[in-house]
Amino acid sequence: MPNEHCLIVHAAGRQLDLLRGEASRIAKGKQINWWTDRAEVGTRFCFEDVGAKEAFALTCDNFGVRCRDG
């Protein structure tokens, strides 16, 4: 998809489920789409808006989850 803004997150299990819920909440608030893909290491969370990506990165930091651009 064009204009995708992605982060690769290093989480698993319940923590990953929690992050999916947060990604959904952020995207719904901004009225945009989001999706996940498998990455070589971790899970790639992609958003249609850079602001949503930045908000999700802050969420990851708040939960102590490592993430990087991807």
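Up top is the structure these notes are about.
Read on for a plain summary of the structure. None of the values given here were measured: they were computed from a predicted structure. (Residues numbered from 1 in each chain as written. Predicted model: local features only at pLDDT ≥ 70, side-chain atom pairs only at ≥ 80, totals over all residues. Heavy atoms only, no water.)

1. A closer look at the overall build of the protein chain
Within the protein chain one finds 2 helices and 4 strands. Helices and strands appear in the protein chain in the N-to-C order β-α-β-β-α-β. Over its C-alpha atoms the protein chain spans a radius of gyration of 11 Å, differing by no more than 12% from the 11 Å that the globule rule assigns to 70 residues. When the backbone C-alpha atoms are referred to their principal axes, the protein chain occupies close to 25 × 25 × 15 Å. Counting only residues that meet the buried cut, the protein chain has 36% of its 70 residues in that class. In the protein chain, of all internal contacts separated by at least 6 residues, the share reaching a separation of at least 24 is 67%. Summing over all exposed atoms, the protein chain offers an accessible surface of approximately 4,400 Å²; the carbon and sulfur share of this is 45%. (Helix = DSSP H or I, 4+ residues; strand = E, 2+ residues; numbered from the N terminus. Rg over C-alpha atoms; globule rule 2.2 N^0.38 Å. Buried < 20%, exposed > 50% of the residue type's maximum accessible area, 1.4 Å probe, protein only. Contact = heavy atoms within 4.5 Å. Areas by Shrake-Rupley, 256 points an atom, 1.4 Å probe, with all protein chains shown as cover.)

2. Points about the nonpolar core
Counting 16 residues, the largest nonpolar core has V9, L19, F45, F47 and F56 as the members making the most contacts within it. Those elements that provide at least two residues to this core are strand 1 (5–9), helix 1 (13–30), strand 3 (43–47) and helix 2 (50–63). At 5 residues, the largest contribution of residues to this core is made by helix 1. (Core = buried A, V, L, I, M, F, W, Y, C linked by side-chain atoms within 4.5 Å.)

3. Comments concerning the side chain of T59
Structurally, T59 can be placed in helix 2. If we ignore the near neighbours within four places in the chain, the residues touching T59 are L19, E22 and I26.

4. What to know about the state of the cysteines
For the coordinates displayed, the defined rule picks out 1 disulfide. Note on cysteine connectivity: C6 is disulfide-linked to C46, with sulfurs 2.1 Å apart. Disulfide C6-C46: the torsion about the S-S bond is 110°, which places it as right-handed. Linking C6 in strand 1 with C46 in strand 3, this pair joins segments that are 40 residues apart in sequence. (Disulfide = S-S within 2.5 Å.)

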